[in-house]
Amino acid sequence: MSQIKVLQVVPPLNRAGAQMHVLQLCRYLNPSMFSIQVCELIDGHQERGLLKAFQEQEIPICTFPYLHWRDLVKLPSLLSLYHYFRQVCPDILHIHDLPVQGFVLTILAKLAGVHHVIITLHGLWRFYGWRKPLLRLLFSFQQHLVSFIAVSQATKDFWTREWGLPPEKIEVIWNGIELERFTDVRRSNALRKALGLDESIPIIGTVGSLTPKKGHRFLIQAVPMVLAHCPETHFVFVGEGELRESLYSLSHRLGVEQYVHFLGQREDVPSLLSQFDIFVFPSAFEAGQRIGETFGIALVEAMAAGLPVVATRFSGIPEVVEDGVTGLLVPPGDSQSLANAIVTLLKDRTKARRMGLAGRKRAEQLFSVDRMVRRVEQYYLQFGVKGTR
């Protein structure tokens, strides 16, 4: 059997869920069965923090300008992509996290003779005004030309409900992680030493971009409530983003800045997780085009590290966290409930340890990168017959 040629089309190679997902496919898809190339749509000077990791896989990467609404009718940009698709001639074009551009890319691919187009739905997108009826029309046409993968059942339900995609056209394949990066970590006190904390001080941690949908402000608002019951607790935020200054200002206004630590973007997340006592994932609704949390890779990483988690009962999160077993789920945007759940686990360490062990077992059973990649391979194989359309 000859290799099936797959072209992965992605937004800029920054440190986001869709790009990490594609990187895992590049690393772990069976090279005897699949030949992989990457097409990156670059938006100006946007951060490309994963570029080196992709280059290390020695996967061919070709870059094109990102297609904004205004670019969707610019003939030179479209012709460049069309000729590229004809040159590469993939058996499968796999599009990631490009809901609007996906329609145009699909049409170009079909005109270029691409056999099959798959779109992975990584996000929950809403559009307003004249764009919404236009996109519903485009999606209703596109669904006859492509197949879809959703990273969670909640994502599938959203796209079925909001955009009218037929459920039978959407396959749910959960994301996966490299479990050994988080399960085989030696615990240390380096973080506490760096923060000047005693070994007995509990640390509540969270990992994620400092953006509205992550709900970090609700966790900071919960800090005074937690301190009222567990006065020595400290809170660590790992990640960068547009809200860093406003989140720090909020902690200052609440008078808890000495208990809140922003570590920025870190490469040693597995080590940091091993030093947390509880992991919190306070994601909330975000107004605008992109909403909600489709899955929560950071949650799976924390569970693999053996941490009990507190998270919001929102979107795809309940598919990851089994409430009362691997962690506690609370309503989104509810700081008091967040605080109550954190205090519950701080005061009942036996329960916290039991949840941490259950979470690790759940991560190992359901959310390994190997399981995810094998599912994608099976999905590819049903389309990857040469010469079919």
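See the structure above.
Presented here is a report on the structure given in the accompanying data block. For clarity, every value in this text was computed on a predicted model and none was experimentally measured.

1. Some words on the overall build of the chain
Phase 1: Along the backbone of the chain there are 16 helices and 15 strands.
Phase 2: Computed over its C-alpha atoms, the radius of gyration of the chain comes to 22 Å, within 12% of the 21 Å expected for a compact globule of 389 residues.
Phase 3: Along the first, second and third principal axes, the C-alpha set of the chain runs to 65 × 45 × 35 Å.
Phase 4: Put simply, the chain has 389 residues, and 56% of those count as buried.
Phase 5: The contacts in the chain between residues at least 6 apart in sequence include a share of 75% that link residues at least 24 apart.
Phase 6: When the accessible surface of the chain is split by element, carbon and sulfur atoms take 52% of a total near 16600 Å².
Phase 7: Computing the positive centroid from 42 side-chain charges and the negative centroid from 36, the chain places the two 4 Å apart.

2. Re the environment of Ile42
Phase 1: Here Ile42 is to be found in strand E2 (residues 34–42).
Phase 2: Along the sequence, Ile42 and Tyr66 sit 24 residues apart, while their C-alpha atoms lie 4.9 Å from each other.
Phase 3: Ignoring anything within four residues of it in the chain, the contact list for Ile42 reads Pro12, Arg48, Thr63, Phe64, Pro65 and Tyr66.

3. Focus: helix H5 (residues 131–142)
One full turn of an α-helix is made of 3.6 residues, so residues set three or four places apart face in the same direction.
Phase 1: Over its twelve residues, H5 extends 16 Å from the first C-alpha to the last, a length consistent with the 16 Å expected when each residue adds 1.5 Å.
Phase 2: Within H5, the full set of buried residues consists of Leu135, Phe139 and Gln142. Within H5, the buried residues cover an arc of 60 degrees as seen down the axis, which keeps them to one side. Summarising the geometry of H5, the exposed residues directed more than 90 degrees from the buried face are Pro133 and Leu137.

4. Quick word on the packing of H5 against helix H6 (residues 153–163)
Phase 1: Put simply, H5 and H6 touch, their axes get as near as 10 Å, and they point 110 degrees apart. It follows that H5 is roughly perpendicular to H6 by the angle criterion. In this structure, H5 uses Lys132, Leu135, Arg136 and Phe139 to contact H6, whose residues at the interface are Trp159, Arg161, Glu162 and Trp163.
Phase 2: Class assignment for the residues of the contact of H5 with H6 results in four nonpolar, no polar and four charged.

5. Considerations on the nonpolar core
The tendency in soluble globular proteins is for nonpolar side chains to be buried side by side.
Phase 1: Membership of the largest hydrophobic core comes to 39 residues, with the highest contact counts inside it found for Val9, Leu41, Leu81, Phe85, Leu93 and Leu105.
Phase 2: Non-local contacts of Leu105, meaning those with residues more than four positions away in its chain, are made with Val9, Leu41, Leu67, Leu81, Phe85, Leu93, Ile95 and Leu98.
Phase 3: Val151, Leu191, Leu263 and Ala305 belong to the second largest nonpolar core, which has 35 residues in total.

6. Section: the pattern of salt bridges
Phase 1: In the structure shown here, the tally under the stated rule is ten salt bridges.
Phase 2: A salt bridge links Glu178 to Arg27, with the shortest nitrogen-to-oxygen separation between them at 3.4 Å. One end of the pair, Glu178, is in the loop between strand E8 (170–172) and helix H7 (180–183); the other, Arg27, is in helix H1 (residues 17–28), with 151 residues separating them in the sequence.
Phase 3: Given the relative accessible area of 10%, Glu178 is considered buried.
Phase 4: With a relative accessible area of 30%, Arg27 lands in the partly exposed category.
Phase 5: Asp323 serves as the salt-bridge partner of Arg313, at 3.1 Å between the closest nitrogen and oxygen. Here Asp323 lies in the loop between helix H13 (317–320) and strand E15 (327–330) and Arg313 lies in the loop between strand E14 (309–312) and H13, a separation of ten residues in the sequence.

7. Describing the sheet that holds E15
Phase 1: Spatially, E11-E10-E9-E12-E14-E15 is the arrangement adopted by the six strands of the open sheet, whose pairing is parallel. Edge positions in the open sheet fall to strand E11 (260–264) and E15, since each of these has one partner strand only. Averaged over all neighbouring strand pairs, the angle between strand axes comes to 20 degrees, with direction disregarded.
Phase 2: Direction of pairing for strand E10 (residues 234–238) relative to E11: parallel, over a ladder of four bridges. By the bridge assignment for E11, Phe235 is matched with Val260.

8. Here's the deal with the side chain of Gln37
Phase 1: Tracing the sequence through the fold places Gln37 in strand E2.
Phase 2: Contact partners of Gln37, with chain neighbours within four places excluded, come to Val6, Leu7, Gln8, Ile59, Pro60, Tyr84 and Val88.

9. Points about the pairing of strand E7 (residues 147–150)
Phase 1: Burial of the side chains of E7 extends over both faces: Ser147 and Ile149 are buried on one face and Phe148 and Ala150 on the other.
Phase 2: Looking at chain direction, strand E5 (residues 116–121) and E7 are connected through four bridges and run parallel. By the bridge assignment for E7, Ile119 is matched with Phe148.
Phase 3: Viewed along the sheet, the connection from E7 through H6 into E8 turns out right-handed.

The rules we used
- Residues numbered from 1 in each chain as written.
- Predicted model: local features only at pLDDT ≥ 70, side-chain atom pairs only at ≥ 80, totals over all residues.
- Heavy atoms only, no water.
- Helix = DSSP H or I, 4+ residues; strand = E, 2+ residues; numbered from the N terminus.
- Rg over C-alpha atoms; globule rule 2.2 N^0.38 Å.
- Buried < 20%, exposed > 50% of the residue type's maximum accessible area, 1.4 Å probe, protein only.
- Contact = heavy atoms within 4.5 Å.
- Areas by Shrake-Rupley, 256 points an atom, 1.4 Å probe, with all protein chains shown as cover.
- Lys, Arg positive; Asp, Glu negative; His and termini not counted.
- Charge placed at Lys NZ, Arg CZ, Asp CG, Glu CD.
- Expected span 1.5 Å × (residues − 1).
- Arc of directions from axis to C-beta.
- Axes fitted to C-alpha atoms, helices over the stretch in contact; angles between N-to-C directions.
- Parallel < 35°, antiparallel > 145°, perpendicular 65-115°, else oblique.
- Nonpolar A, V, L, I, M, F, W, Y, C, P; charged D, E, K, R; others polar.
- Core = buried A, V, L, I, M, F, W, Y, C linked by side-chain atoms within 4.5 Å.
- Salt bridge = Lys/Arg side-chain N within 4 Å of Asp/Glu carboxyl O.
- Pairing = 2+ DSSP bridges.
- Right-handed = clockwise from strand over helix to strand, strands pointing away.

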